[in-house]
Amino acid sequence: MTPVNKPRVIKDYNKLDKDLQEQIKLVYADGFADNLIHFFDKNGIKVTALPFETEDKYYMLRMTENEAVQIVDEDDDYDDDGFLKDNVKQDYEDKYSDLDHVADQISDDED
């Protein structure tokens, strides 16, 4: 459910800053592909994206399922099975523990 009071930003994952990418990896520690959603843009074109919410924005990160798998495969923070490495996850949890939007999304995923 998209919050109506936040601007929706459609962006490419690789164009995000490193901190935001790290927060996304923490929320999607088991990879991106299984969390993709589909919607139609303002021109009626079907878009596949990874949703990610921050305190002030609702991001829709454009990527195909193949791109989602490739991003994780090529990222050293993920192991060969596509899971965020334990030491990396711990580092990111420590680094972003004060961000409510990250903590909320992690606890939502684990429920």
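Below is a short write-up of the structure. (Residues numbered from 1 in each chain as written. Predicted model: local features only at pLDDT ≥ 70, side-chain atom pairs only at ≥ 80, totals over all residues. Heavy atoms only, no water.)

### Some points on the pairing of strand S2 (residues 37-40)
And then number 1: Judged from the 4 bridges that link them, S2 and strand S3 (residues 46-53) form a sheet pairing that is antiparallel. Across the sheet, residue Ile37 finds its bridge partner in S3, namely Ala49.
And then number 2: Between S2 and S3, which pair antiparallel in sequence order, lie 5 residues; one of them, Gly44, sits at a positive phi of approximately 80°. (Pairing = 2+ DSSP bridges. Helix = DSSP H or I, 4+ residues; strand = E, 2+ residues; numbered from the N terminus.)

### Let's talk about the nonpolar core
And then number 1: Core analysis: the largest hydrophobic core is formed by 24 residues, its most contacted members being Ile24, Phe32, Leu50, Phe52, Leu61 and Met63.
And then number 2: Of all the elements, helix H1 (residues 18-27) adds the most residues to this core, at 4 residues.
And then number 3: Beyond its immediate sequence surroundings of up to four residues, Leu50 is in contact with Ile24, Tyr28, Phe32, Asn35, Leu36, Tyr59, Met60, Leu61 and Met63. (Core = buried A, V, L, I, M, F, W, Y, C linked by side-chain atoms within 4.5 Å. Buried < 20%, exposed > 50% of the residue type's maximum accessible area, 1.4 Å probe, protein only. Contact = heavy atoms within 4.5 Å.)

### Structural notes on the packing of aromatic side chains
And then number 1: Within the structure shown, the criterion is met by 4 aromatic pairs.
And then number 2: Ring pairing ties together the aromatic residues Tyr13, Tyr28, Phe32 and Tyr78, which thus form one cluster.
And then number 3: The side chain of Arg8 reaches across the aromatic face of Phe39, ending 4.6 Å from its centre. (Phe/Tyr/Trp six-rings, centres within 6.5 Å; stacked < 30°, edge-to-face > 60°. Lys NZ or Arg CZ within 6 Å of the ring centre and 35° of its normal.)

### Details of the environment of Pro51
And then number 1: Its location among the elements puts Pro51 in strand S3.
And then number 2: Taking the C-alpha atoms as reference points, Pro51 and Leu36, separated by 15 residues in sequence, lie 7.2 Å from one another.
And then number 3: Not counting chain neighbours up to four residues away, the residues in contact with Pro51 comprise Tyr28, Asn35, Ile37, Tyr58, Tyr59 and Met60.

### Section: the side chain of Gln21
And then number 1: Mapped onto the secondary structure, Gln21 falls in helix H1.
And then number 2: Using a relative accessible area of 17% as the deciding quantity, one classes Gln21 as buried.
And then number 3: In contact with Gln21, not counting residues within four places along its chain, are Tyr13, Asn14 and Leu16.

### Quick notes on the environment of Val27
And then number 1: Its place among the elements puts Val27 in helix H1.
And then number 2: For Val27, a relative accessible area of 5% puts it in the buried group.

### Some details on the packing of H1 against helix H3 (residues 86-96)
And then number 1: Orientation of H1 relative to H3, taken along the N-to-C sense of each, is 115°, at an axis distance of 10 Å. Where H1 crosses over H3, the two elements pack in a sense that is left-handed. The segment H1 lies against H3, with Asp19, Glu22, Gln23, Lys25 and Leu26 engaging Lys89, Tyr92, Glu93, Lys95 and Tyr96.
And then number 2: A per-class count over the contact of H1 with H3 returns 3 nonpolar, 1 polar and 6 charged. (Axes fitted to C-alpha atoms, helices over the stretch in contact; angles between N-to-C directions. Left-handed = near helix turned anticlockwise from the far one by under 90°. Nonpolar A, V, L, I, M, F, W, Y, C, P; charged D, E, K, R; others polar.)

### Side note on H1
And then number 1: With 8 of 10 residues buried, H1 is to be regarded as a mostly interior element.
And then number 2: All of the buried residues along H1 are Leu20, Gln21, Glu22, Gln23, Ile24, Lys25, Leu26 and Val27.
And then number 3: One side-chain oxygen at the N-terminal end of H1 lies 3.1 Å from the backbone nitrogen of Asp19; it belongs to Asp17. (Polar contact = N/O pair within 3.5 Å; in protein donor to acceptor, adjacent residues only side chain to side chain.)

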